[in-house]
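# Topology and contacts: notes
Below, each chain spelled out in residue letters.
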Amino acid sequence: MECDILAGERGPSFTDVSQISNWKVLHIRFVAGTSESSHSQTIDTRMTTTSSSPVKFQSTSKRHPEPSKVPASVPLSSLLNIGKLIVPRNDIVTVVVEEFNLQEKAWLPPLEVKVSLENEPFSSGSFRDAYRASVISGLPGKEKYVLKKFKKDQINGIEQLFDTIEAHTRKMVQMNALARNLALKMSLNVPKEFGDTFTYNKVYFGKLNGEEVTLERYLEGKFVKHINNTGDIYTSLGDELGMKCEAFVHYTYQSTDRQLMVVDIQGVGLDLCDPEIASHTLKDDKDNSIFFCTVIQQFRAEYCGISHESLVFYIKHEPLGEFVYKENTSDEWDIHGMPRETIV
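Residues numbered from 1 in each chain as written. Predicted model: local features only at pLDDT ≥ 70, side-chain atom pairs only at ≥ 80, totals over all residues. Heavy atoms only, no water.

## Here's the deal with the side chain of Thr-169
Tracing the backbone shows Thr-169 in helix α3 (residues 165–189). Every residue in contact with Thr-169, bar those within four places of it in the chain, is listed here: Phe-150, Phe-205, Glu-212, Val-213 and Thr-214. (Helix = DSSP H or I, 4+ residues; strand = E, 2+ residues; numbered from the N terminus. Contact = heavy atoms within 4.5 Å.)

## Considerations on a nonpolar patch on the surface
Judged by side-chain polarity, Trp-23, Leu-26, Ile-28 and Phe-30 come together as a nonpolar surface patch covering roughly 440 Å² of accessible area. For Leu-26, the position within the fold is in the loop between β1 (2–6) and β2 (27–31). (Patch = residues over 30% accessible without salt bridge, like charges linked within 9 Å, V, L, I, M, F, W, Y side chains within 5 Å. Areas by Shrake-Rupley, 256 points an atom, 1.4 Å probe, with all protein chains shown as cover. Salt bridge = Lys/Arg side-chain N within 4 Å of Asp/Glu carboxyl O.)

## Here we look at the layout of surface pockets
The space that makes up the largest pocket amounts to roughly 1100 Å³. Around the largest pocket, the lining is made up of 39 residues, and of these Gly-125, Arg-128, Lys-148, Gln-266 and Asp-274 lie nearest the centre. Contributing elements (two or more residues each) for the lining of the largest pocket: β8 (123–124), β9 (128–137), β10 (144–150), α2 (155–162), α3, β13 (211–217) and β16 (265–268). Split into classes, the residues belonging to the lining of the largest pocket amount to 19 nonpolar, eleven polar and nine charged. When its volume is computed, the second largest pocket comes out at roughly 350 Å³. In terms of lining residues, the second largest pocket is bounded by 20 residues, among which Leu-102, Ala-177, Arg-180, Asn-181 and Lys-202 are the most central. Those elements that provide at least two residues to the lining of the second largest pocket are β5 (100–101), α3 and β11 (199–200). For the lining of the second largest pocket, the leading source of residues is α3, giving eight residues. Broken down by class, the residue content of the lining of the second largest pocket amounts to ten nonpolar, seven polar and three charged. (1 Å grid on protein atoms, 1.4 Å probe; cavity = no way out; pocket = protein on both sides within 12 Å on 5 of 7 lines; lining within 4 Å. Points joined across faces, edges and corners; volume = space filled by probe spheres on them. Nonpolar A, V, L, I, M, F, W, Y, C, P; charged D, E, K, R; others polar.)

## Topic: the environment of Pro-275
Secondary-structure assignment places Pro-275 in the loop between β17 (271–272) and β18 (276–279). With eleven residues separating them along the chain, Pro-275 and Asp-264 place their C-alpha atoms 5.3 Å apart. Leaving out residues up to four positions away in the same chain, Pro-275 has contacts with Met-175, Asn-176, Ala-179, Tyr-200, Val-262, Val-263 and Asp-264.

## Observations regarding the pairing of β13
In regular strands, side chains alternate between the two faces of the sheet. With five of its seven residues buried, β13 lies for the most part within the structure. Where strand β12 (residues 203–208) and β13 come together, six bridges link them in antiparallel fashion. Bridge pairing in β13 links Phe-205 to Thr-214. Adjacent in sequence and paired antiparallel, β12 and β13 are bridged by two residues, among which Asn-209 carries a positive phi angle near 55 degrees. (Buried < 20%, exposed > 50% of the residue type's maximum accessible area, 1.4 Å probe, protein only. Pairing = 2+ DSSP bridges.)

## Points about unusual backbone geometry
Positive phi, close to 55 degrees, is recorded for Asn-209, a residue that is not glycine. Tracing the backbone through its elements, the reader meets Asn-209 in the loop between β12 and β13. What makes Asn-209 exposed here is its relative accessible area of 76%.

No statement about biological role is implied by the geometric values presented.
The following block contains the structure:
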């Protein structure tokens, strides 16, 4: 491309730069280049006033393509904050995890899992904080995980009850494995009229920078607590999911010959997490070690006089109010009198 500088809007063309008297306004005409002048990139100042050829300019700039994306609109307040240090939200960490094998009653060999871990917890309970994590390597699949670790201000109290944080954390993983097994057994035994049943995720014991943690799959959705570890029921009367939770508690009590009961029923839909196990005996008489976190007498949710078979079949067709609860007045603890106020 060449350009021709004109003396006015209609011409004539300047033949020498000395002819240009007004440099504030220039009239330029772009013309297609020729093979004879394509090599010229600057004005030839050696031209004389008698030359009949107009002054020619060749553009040396290249036209850049139009941007394919529009820059994001950023508020001025945010632009000003760019000058401050912005701390990354995630760190790449290595967690040494162990899986508990319920059938063998043994811990499998440890393995290293590399995860991208958020720096701030997204949720907190009474004793632990929960952090979102994405597994990079070490575990199969690309699912989201949650890493849970104890709050600093709760460690002393836990150690007074359970000796060490490691012992308590390992027992939590063992209880989850037991609850997971009971939930699986229930799914194989309930009649089809009962519908879908509960599941528990696999939970790993882990150590992160010398700190005891747990690692499990992240549950996507609204988290709901249905029954706590003292027997308080939070779901509405007649709610089907809530009735299934009570049926599950009842099943675990009956299927273990009334020795154990899964409590603290909570999670997202039918996916449950963080169970507690209640038992008749809290401690081992031989070494005084703690079996589970509570005793059955402290838990207060049980259907009176209704067999497991009748319950799981009947629950789909009748409202919860049809079941009658009564106060236990006997010293012996059995299915006919779990302590709870009467509901008719």
